[in-house]
Amino acid sequence: FFSHWQRDSDPRCNKMGSLKQEVKKKLLARSERVKCIDMHPKEPWMLCSLYSGQVHLWDYDAQNLMKSFEVVDLPVRCVKFIVRMSWFICGTDDMCCRVYNFNTMEKVKVFEAHQDYIRGVAVHDQLPYVLTSSDDMTIKLWDWSKGWQNTMIFEGHTHYVMSVVFNPKDPNTFATASLDRTVKVWNLTSTVPNFTLEGHEKGVNCVEYYRGGDKPYIISGSDDQTARVWDYQTKCCIQTLSAHNHNVSCVMFHPDLPLIVTGSEDETVKVWQMATYRLETTLDYALERVWSIGCPTGSNKLAIGCDKGTVVVKLGKERFVFSMDQNGKIILAHNSEIQQMNVKTAVDEVVDGEKILLPSKDLGTAENIPKKLEHNPNGQFIAVVSEGEYVINTALAWRPKTFGQCMQFVWSHESGGYAVLETPQCIKIYKNFKEKKTFKTGVAAENIFGGPLLCMKADDAVHFYDWDDQERGPVRKIAASPKNVYWNENAELCCLVCDGSFFVLHFNRDAAQEALDSGEELPEDGVEDAFELVDEIDEKVRQGAWIGDCFLFTNRNQRLNYYIGGEVYTLAVLDRQMYLLGYVPKENRIFLSDKERNIVSYQLHLSVVEYQTAIVRGDLEGAQNVILPRVPENQRSKVARFLDAQGHKDMALEVSTDDEHRFELAVHLKRLDVAQEIAERANNAAKWKQLGDLSIQYCKFEQAAAALKAGEDFNGLLLLYSSTNDVAGLKDLAAIAEEKGKHNVAFMAHYLSNNVEGCVNILTTSQRVPHAAIFARSYATQQMSKVVNAWKKELASTPKIASCIADPQEYPNLFPESVQMEVAAEEDEDETEKEKAEEEEAAELEEEPKEEAEVEEPKATSPKATSPKATSPKATS
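Just so it is clear, the structure is predicted and the values come from calculations on it, not from any experiment.

A. Focus on the pairing of strand β27 (residues 290–294). Counting buried residues in β27 gives 5 out of 5 residues, a clear majority hidden from the surface. In this structure, β27 lies alongside strand β28 (residues 301–306), joined through 4 bridges in antiparallel fashion. Opposite V290, over in β28, you have C306 as the bridge partner. Hairpin connection from β27 to β28: 6 residues lie between these consecutive antiparallel strands, with G298 at a positive phi of about 80°.

Pasting the structure below:
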């Protein structure tokens, strides 16, 4: 269970009774006398009609005056939204009604409605009808679809008709209030009233219908300084509210809270509890007489119009209270309405993050506004906790089991056991729904928490008590100030949720029980070995719940996370504030809801949680042999990453189905065979390069060469072949690099393998002919003529420069070193052939047959050539 509320108070309100509604001012707008207020049902907009002849349109959330309409120089006594047409209609003291478009500020219609001041306006929810009431003692029906034609006139009152309102449950009926001291109920099909409610001693100023539940109630306010609640079916007054000392000018039932609100010329607004009709709160904002009040549907806001302006206040915090058992039955309380849902009755297939359509069942309306709902451990009972009291109902039939007074309520770990904080110094403990003992705390307790131990928060510390023995002191006292305390199912782990972090503690039941069994007085701070700190996690937790050894929680960054084994994992990023309902093991799903009761779900397999729990507890064999086969294939990678984080990398490699993760693990574990298998499947250059580098590190040169070649890491291959003096590899690399256009690598490979002709060809084909010529002169004299001719062709567009280049065959006198280099090259070739012949002859003379020894090819050396600088032939003209 989780409950959320906040005490925002205003110094101008007086709180009385048990409900103790917190009031916070949201808007204060000073103006001329406000005669009427109307609230937009969907937008945070408020219309105010002023005695000075204006109509103001406010955004009360933004505290901004959006528009001001100069209607007339006389008082505007009533105003109402016509939402579906984007209009509003107002009645003025010139006996006319005016209709405006509140978006464009265009005046839509002006028509004379009555022969005296217009006091009230009501708009039909579905039909194009508007009712107006006037000092001429009539009520008129207007149809805007017929050009604002007056279709009916209702007569029957004998004095001013001050107010008119449609019945929200039966829009064909409406009620009127008159200074003739009566309230009359009418039907749209007849000009004669259905019946009259009499009882006020003076004129009636206002009337309103009850919009919620099934109670057929009307409330009226009168100059006799009272408000009366009527049952319009029995036509009886069921309650008179007497607390004002002047005329009651406005009344209403709050549309969402079980409250009645009355305003008076005594300059106050009074808030009454609807169930008991007790006065709860009196509001006085020093704005003099109160003329109008308004409440938007679906909100806890209250607007008050007075002589000197308007004020909008917030009654408490909009509460969303809920509890869900392990079978997926959800109990929701929205203000005073209580509903039941069941996740098993989902209409469509459940998709992660998508809204789930669940039918709801009304369980009734609470007399007081619940601030907490909580199932007991086995889900058979549910406690409804409101301000100052609790009621325990059966979860199945929703029948009351017991009730009592409390400040706080918590369940124990046993069925039928619970505790209540009756006063800050007194805790009562119940077993099997009967009072067992009263525990005097000795300090002012701020809060209590349930579970295997009774936890009390006081003096910036938490005191853990045994449920059966509190007199000998706490089992353990810990210096922390948690907002909530969560226990896992087997009572081994406890989570203390504080403001900026949460602490995970391990509870040593044996050490605590041994100290309790000893019969001796416990130390002041309790048994030191009873709790051991496991982890401190810097996360701001909103709500949480344990699933085995996995702590599931939502944080203030709108993330759904879970903690296990010292690590925090994110399950989902939420797009709005969601409330954690809980986890249903049979569905393998986590359920959440927003304030509008839109239910969403995310999958978390129980087998995954069980596997992780077993790993954390050290049961590796059971996890692998018993639980792992139940883990779905699509969850294996998640399990593998958990194993990796826990240091079980060998197990993670076996479990994982994600090749990326398996490759990382194989590299870390030096499993080159597995890494190569994954790289072959992925055929990814980065993986091949990583595998090649790792193979070099472990002197697996053949595997490294294959990996680097597959990954086309030509620079790596060049380094490898040159370092290992692999001439064949260099030649192969030169051919591949040249084919792939890697000319620098190809050139170096040719050069290191003593293939100078290949070097010349690379330079020539890569448009570096001058470099080829210089290289040929130094290392490949046989290629000089060929390169010079290519150079001259390249300079064909500049013949003067081309003619300055000398060809060694045409000008041998200019290249004497070329003859010497040719002779040296021929001698080198003869010597090489002679050495090969001698080696072959020696091999043939071997007497005993054996494998022919591999002859190491001599290191290739670059030919050296030194010559004086050749002088270019002088051109003669």
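B. Layout of the packing of helix α12 (residues 743–752) against helix α13 (residues 756–765). Interhelical geometry of α12 versus α13 gives an angle of 160° and a closest axis separation of 8 Å. The angle between α12 and α13 falls in the class roughly antiparallel. Of the two elements, α12 crosses α13, and the hand of that crossing is left-handed. Packed against α12, whose contacting residues are H743, A746, F747, H750 and Y751, the element α13 presents G758, C759, I762 and L763 at the interface. The class makeup of the residues in the contact of α12 with α13 is 6 nonpolar, 3 polar and no charged.

C. Geometry of helix α15 (residues 784–794). Within the sequence span of α15, burial applies to M784, S785, V787 and V788. Buried positions in α15, seen along its axis, are confined to an arc of 165° and lie on one side of it. Along α15, exposed side chains directed more than 90 degrees from the buried face belong to K786 and K793.

D. Inspection of the pattern of salt bridges at higher detail. Under the counting rule described, the total for this entry stands at 19 salt bridges. Taken together, the shared-partner salt bridges in this structure form one network comprising R33, R289 and D307.

E. Broad picture of the sheet that holds strand β21 (residues 226–231). Spatially, β19-β20-β21-β22 is the arrangement adopted by the 4 strands of the open sheet, whose pairing is antiparallel. The outermost strands of the open sheet, each flanked by one partner alone, are β19 (204–209) and β22 (236–242). Taking each pair of neighbouring strands and ignoring which way they run, the sheet shows an average axis angle of 20°. Alignment of strand β20 (residues 217–222) against β21, held across 5 bridges, turns out to be antiparallel.

F. Spotlight on the environment of V165. Checked against the element boundaries, V165 lands in strand β15 (residues 161–166). C-alpha of V165 to C-alpha of V123: the two residues are 42 residues apart in sequence and 8.1 Å apart in space. Beyond its immediate chain neighbours, meaning those up to four positions away, V165 contacts A122, F174, A175, V207, E208 and Y209.

G. View of the confidence of the model for the chain. For the chain, mean pLDDT is 84; residues scoring 70 or higher make up 91% of the total. Note that pLDDT drops below 50 for residues 1–20; the model gives that stretch 64 contacts with residues more than four away or on any other chain. Scored below 50 in pLDDT, residues 850–877 shows 34 contacts in the model against residues more than four places distant or in partner chains.

H. Here's a closer look at the packing of aromatic side chains. Within this structure, the stated rule accounts for 45 aromatic pairs. Judged by centre distance (5.6 Å) and plane angle (85°), the ring pair of W487 and F507 falls under edge-to-face. Remark: F507 occurs in strand β48 (residues 502–507) and W487 occurs in strand β46 (residues 484–487); sequence separation between them is 20 residues. Like F507, W487 is buried. Chaining the aromatic ring pairs together yields one cluster made of F381, Y390, F409, W411, Y418, Y430 and F433. R33 extends its terminal NZ or CZ atom over the ring of Y51, reaching a point 4.5 Å from the ring centre. Here the guanidinium or amino end of K35 rests over the ring plane of W291, the centre of that ring lying 3.7 Å away.

I. Representation of the sheet that holds strand β44 (residues 461–465). Spatially, 4 strands are ordered β42-β43-β44-β45 in an open sheet, and the strand pairing comes out antiparallel. On the outer flanks of this sheet lie β42 (447–449) and β45 (476–478), each paired with one strand and no other. For this sheet the average axis-to-axis angle between neighbouring strands, irrespective of direction, equals 20°. As judged from the 5 bridges shared by strand β43 (residues 454–458) and β44, these two strands associate in the antiparallel manner. Its bridge partner lying in β44, C455 is registered against F464.

J. Inspection of the nonpolar core at higher detail. Ranked by size, the top nonpolar core spans 47 residues in total, and within it L560, I590, L592, Y611 and L643 carry the most contacts. Beyond its immediate stretch of four places on either side in the chain, L592 contacts T554, L560, L574, M578, Y579, L580, L581, N598, I599, V600 and Y602. With 32 residues, the next largest nonpolar core counts A704, A734, A746 and L814 among its residues.

Conventions used here
One numbering rule holds for all chains: residues counted from 1, following each sequence as written. Local features in this predicted model are restricted to residues whose pLDDT is 70 or higher, and side-chain atom pairs enter the listing and the counts only when it is 80 or higher, whereas totals over whole chains, interfaces and linings include all residues. In computing side-chain values, all of the structure's heavy atoms are included and hydrogens and water are not. Exposure is judged per residue with a 1.4 Å probe applied to protein chains only, and the accessible area is read against the type maximum: over 50% gives exposed, under 20% gives buried, and values in between give partly exposed. Strands are runs of DSSP state E lasting at least 2 residues, helices are runs of H or I lasting at least 4, and numbering of each runs from the N terminus. Two strands qualify as a pair provided DSSP detects at least 2 bridges between them. Axes, fitted as lines to C-alpha atoms, cover a helix only where it is in contact. Angles between the N-to-C directions of the axes lie from 0 to 180 degrees. Note on angle classes: values under 35 degrees are labelled roughly parallel, values over 145 roughly antiparallel, values of 65 to 115 roughly perpendicular, and the remainder oblique. A clockwise turn of the near helix away from the far one marks a right-handed crossing, whereas an anticlockwise turn of less than a right angle marks a left-handed crossing. Contacts are assigned to residue pairs with any non-hydrogen atoms lying within 4.5 Å of each other. When residues are sorted by character, Ala, Val, Leu, Ile, Met, Phe, Trp, Tyr, Cys and Pro go into the nonpolar class, Asp, Glu, Lys and Arg into the charged class, and all the rest, Gly among them, into the polar class. Working note: the arc is built from the helix axis to C-beta atom directions. Whenever a carboxyl oxygen of Asp or Glu lies within 4 Å of a side-chain nitrogen of Lys or Arg, that contact is scored as a salt bridge. Per residue, pLDDT captures the predictor's confidence, and it can take any value from 0 to 100. Pairs were defined over the aromatic rings of Phe, Tyr and Trp, the Trp ring being its six-membered one, requiring ring centres within 6.5 Å. Orientation was assigned from the angle between planes: stacked under 30 degrees, edge-to-face over 60, tilted for the rest. For a Lys NZ or an Arg CZ to count as sitting over a ring, it must be within 6 Å of the ring centre and within 35 degrees of the ring normal. Take the buried Ala, Val, Leu, Ile, Met, Phe, Trp, Tyr and Cys residues and link them wherever side-chain atoms come within 4.5 Å; each set so joined is a nonpolar core.

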